[in-house]
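# Working through the structure, step by step
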Amino acid sequence: MRNRLVLLFVLAVVAALLAGPTPGAAAVEGAPDEVGLFDAANGRWHLRYPDGRLSSFYFGIPGDTPLLGDWDCDGVDTVALYRESSGFIYLRNSNDFGIGEQDFFYGIPGDVPIAGDWDGDNCDTLGILRGDRFFLSNTLDTSVADIDFYLGIPGDQPFAGDFNGDGKDTVGVYRAATQAAYFVNDLSSLPSSGGVPTADTALWVAGADATLIAGDWDGDGDDTPGVFRSTPSTFRLENTLGQPVPDVTYTFGKSAWLPVAGNLGQPPPLPELALSTVADGFDRPLLVTAPVGDARLFVVEKGGRVLIVQDGDVLPGPFLDLSSLVSSGSEQGLLGMAFHPAYGTNQLFYVHYTNIAGDSRVVEYRDGPGGPVAVGTVLAVDQPATNHNGGMIQFGPDGRLYVALGDGGGGGDPFG
Ligand SMILES: [Ca+2]
Ligand SMILES: [Ca+2]
Ligand SMILES: [Ca+2]
Ligand SMILES: [Ca+2]
């Protein structure tokens, strides 16, 4: 019985991709915060949207420090960078590839930047931790800090969030050596000279490999802690201040990447896809392939034939017919085909099939005016069963031909 193939050609509507930067995502009221990672080795961001999708794009250069904040007060947090080598901040108001839309000098080498809404006007601005002293600004510029105070000890990691849900962000510090985090809800209570932390909440966080972040993971208006742990690269997010067990865990990214958190708004739209039939009428087709730069499509049938689709038509007669050499029962048949990367000049291609005896063969052919001619067997492997024989074959970027074989098959896979 002939199976009917419908060759489906996937048309990506690229308009969305060509339309330039994604417009600022719409704010989602009461939406939970999401997490992201920045690869400081190459300046690439990886943001995780509520539907689980990752959005990856380049913004920044190696060595930059990532920040997320709502710089334009529209409810959506977007990317920013602190470039320690120059002391500059670079802000964008959309989460996509591009350059900074606003930049200004901020801080000196060794400062650790943070972002937050210190005055409760729904606009995020910046701050830095210098040793054990914080400097926070309520405007996005180089002006003198509006608030400064001491918290923690040199070497602490700063974080920011609205831990009591009053609409104003405050800061905390995480001390990796003791795995302790100190949260503060009233910045005016903090001393103008250094000392031990004066914290409203102190808790043990977990993991000497942890970087602490804060966010509203459950959308209730209160920010709570989360950690990004590097081994393995995992976010562990808690919805209360104080419980040692995470409520949500995400594993993605790489250990050296730097975590961020914020309200990312609606995810960017997916490209629209459509399907259209290119050709049909084939018998158990397994593969469509073509030589490099060749507009024809070569359709490989399990029974041993290779047919050509050219300009939308199936050419009469097969390009190659190995039906008499191939056993095509069970999972056997003509299972793979690969054109030599230099087929345009040497006319070589390769086929992978199970022969009449049921054993695997990879055979080199040379195309020519009289049709393809076998040059020789490249690989011969005996097969103990009629299933799990393989067999995709493909040239790698290294110019080598890779052959995929199965585990020998048989009931219960006794050979593999
Ligand atoms: Ca914004
Ligand atoms: Ca503000
Ligand atoms: Ca607060
Ligand atoms: Ca919350």
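Criteria and cut-off values
Note on numbering: residues in each chain are counted from 1, in written sequence order. Chains carry letters and ligands carry numbers; both start at the beginning, A for chains and 1 for ligands, and go up in the order they are written. Two thresholds apply to this predicted model, a pLDDT of at least 70 for residue-level local features and 80 or more for giving and counting side-chain atom pairs, whereas whole-chain, interface and lining totals are computed over all residues. Values shown for side chains rest on all heavy atoms present in the structure; no hydrogens or waters enter the calculation. Starting at the N terminus, helices and strands are each numbered in turn, a helix being any DSSP run of H or I of at least four residues and a strand any DSSP run of E of at least two. Here the radius of gyration uses the C-alpha set of atoms, whereas the globule reference equals 2.2 Å times the residue count to the power 0.38. Each residue's exposure class comes from its accessible area (1.4 Å probe, protein chains only) as a fraction of the maximum for that residue type: buried when under 20%, exposed when over 50%, partly exposed otherwise. Contacts are assigned to residue pairs with any non-hydrogen atoms lying within 4.5 Å of each other. The predictor attaches a confidence to each residue, called pLDDT, with possible values from 0 through 100. Metal coordination here is assigned from N, O and S atoms located within 2.8 Å of the ion, or within 3.2 Å for Na, K and Ca; omission of water means that sites may look incomplete. When charges are counted, neither His nor the chain ends are considered; positive counts come from Lys and Arg and negative counts from Asp and Glu. In the sections that follow, a salt bridge refers to a side-chain nitrogen of Lys or Arg positioned within 4 Å of a carboxyl oxygen of Asp or Glu. In the analysis that follows, any N or O atom pair within 3.5 Å is treated as a polar contact, provided that within protein one partner can donate a hydrogen and the other can accept it, and provided that, for residues neighboring in sequence, both atoms belong to side chains. For the purposes of this analysis, a disulfide is any pair of cysteine sulfur atoms at a distance within 2.5 Å. Each patch is built from residues lacking any salt bridge and having more than 30% relative accessible area; the joining distance is 9 Å for like charges and 5 Å for nonpolar side chains (Val, Leu, Ile, Met, Phe, Trp, Tyr). For every accessible area listed, the method is Shrake-Rupley and the probe measures 1.4 Å; residues are considered covered only by the protein chains on display. Any two strands between which DSSP finds at least two bridges are classified as paired. All the domain ranges listed were derived from an automatic or database domain assignment. Aromatic pairing here means that ring centres of Phe, Tyr or Trp (its six-membered ring) are within 6.5 Å. Orientation follows from the plane angle: under 30 degrees is stacked, over 60 is edge-to-face, and everything else is tilted. Only lysine NZ and arginine CZ atoms are considered, and such an atom sits over a ring when it is within 6 Å of the ring centre and within 35 degrees of the ring normal.

Right, let's talk about the overall build of the chain for a bit. The helix and strand inventory of the chain stands at 2 helices and 33 strands. Against the compact-globule benchmark of 22 Å for 416 residues, the chain has a radius of gyration of 30 Å, which places it well outside the compact range. Based on the C-alpha atoms only, the size of the chain along its principal axes is roughly 90 × 50 × 40 Å. Buried residues in the chain amount to 45% of all 416 residues. Sequence-distant contacts in the chain: of pairs separated by 6 or more residues, those separated by 24 or more amount to 44%.

Attention now moves to the confidence of the model for the chain. Summary statistics for the chain give a mean pLDDT of 89 and a share of 92% for residues scoring 70 or more. The low-confidence segment residues 1-24 (pLDDT under 50) makes 48 contacts with residues lying over four places distant or belonging to another chain.

Okay, the coordination of the calcium ion (ligand 3) next. For the calcium ion (ligand 3), every protein donor is listed as Asp162 (OD), Asn164 (OD1), Asp166 (OD) and Lys168 (O), and the spread of their distances is 2.3 to 2.4 Å. All donors to the calcium ion (ligand 3) come from one chain, and their sequence spacing reads D-x1-N-x1-D-x1-K.

Here we take up the side chain of Asp223. Inspection of the secondary structure puts Asp223 in the loop between strand 17 (210-215) and strand 18 (224-230). In this structure, Asp223 is buried with no salt-bridge partner, the nearest side chain bearing the opposite charge being Lys168 at 15 Å. Side-chain polar atoms of Asp223 contact the backbone nitrogen of Asp162, separated by 2.7 Å. At 3.0 Å, the side chain of Asp223 and the backbone nitrogen of Asp216 are in polar contact.

Within the protein, the atoms that donate to the calcium ion (ligand 4) are Asp216 (OD), Asp218 (OD), Asp220 (OD) and Asp222 (O), at distances of 2.3 Å. Assessed through its relative accessible area of 29%, Asp222 is described here as partly exposed.

Let's shift gears to unusual backbone geometry. Cis rather than trans, the peptide bond between Thr231 and Pro232 has omega equal to -10 degrees. The topology assignment puts Pro232 in the loop between strand 18 and strand 19 (233-237). Going from Gly390 to Gly391, the amide bond is cis rather than trans, its omega being 5 degrees. Mapped onto the elements of the fold, Gly391 is located in the loop between strand 31 (373-381) and strand 32 (393-395).

Under the counting rule described, the total for this entry stands at 1 disulfide. At a sulfur-sulfur separation of 2.0 Å, the disulfide partner of Cys73 is Cys123. For the disulfide bridge between Cys73 and Cys123, the dihedral angle about the S-S bond is near 115 degrees, and by the sign convention the bridge is right-handed. Of this pair, Cys73 sits in the loop between strand 5 (65-69) and strand 6 (78-83) while Cys123 sits in the loop between strand 9 (112-116) and strand 10 (125-130), and the two are 50 residues apart along the sequence.

This part covers a nonpolar patch on the surface. Taken together, the side chains of Val378, Leu379, Val403 and Leu405 define a hydrophobic patch exposed on the protein surface, amounting to about 280 Å² of accessible area. For Leu379, the location among the structural elements is in strand 31.

Both faces of the sheet carry side chains from a regular strand, because those side chains alternate between them. Here strand 30 (residues 360-366) lies mainly inside the structure; 6 of its 7 residues are buried. With 7 bridges joining them, strand 29 (residues 348-354) and strand 30 adopt antiparallel strand pairing. When the bridges of strand 30 are listed, Leu348 appears paired with Arg366. The turn linking strand 29 back onto strand 30 is made up of 5 residues, and Gly358 within it adopts a positive phi angle of 90 degrees. Hairpin connection from strand 30 to strand 31: 6 residues lie between these consecutive antiparallel strands, with Gly371 at a positive phi of about 100 degrees.

With domains assigned, the chain is organised as domain 1 (31-262) and domain 2 (275-403). Once you take the C-alpha centre of each, domain 1 and domain 2 turn out to be 55 Å apart.

Any pair of aromatic rings gets described here by the distance separating the centres and the angle formed by the planes. Here the structure, examined in full by the defined rule, presents 19 aromatic pairs. Where Phe88 meets Phe105, the ring centres are 5.9 Å apart and the plane angle is 70 degrees; that geometry is what we call edge-to-face. With Phe88 in strand 7 (residues 88-91) and Phe105 in strand 8 (residues 102-105), this residue pair connects regions lying 17 residues apart in the sequence. Residue Phe105 is classed as partly exposed on the basis of its relative accessible area, which comes to 37%. Taken together, the ring pairs in this structure connect Phe298, Phe319, Phe339, Tyr343, Phe349 and Tyr365 into an aromatic cluster. Taking NZ or CZ as reference, Arg48 lies 3.6 Å from the ring centre of Tyr250, over its face.

When you line up the elements, Ile213 lands in strand 17. On a C-alpha basis, the gap between Ile213 and Phe159 in space is 6.0 Å, while along the polypeptide they are 54 residues apart. Sequence-distant contacts of Ile213, that is, excluding residues within four places in its chain, are made with Val35, Thr224, Pro225, Gly226, Val227, Phe235, Pro259, Val260 and Ala261.

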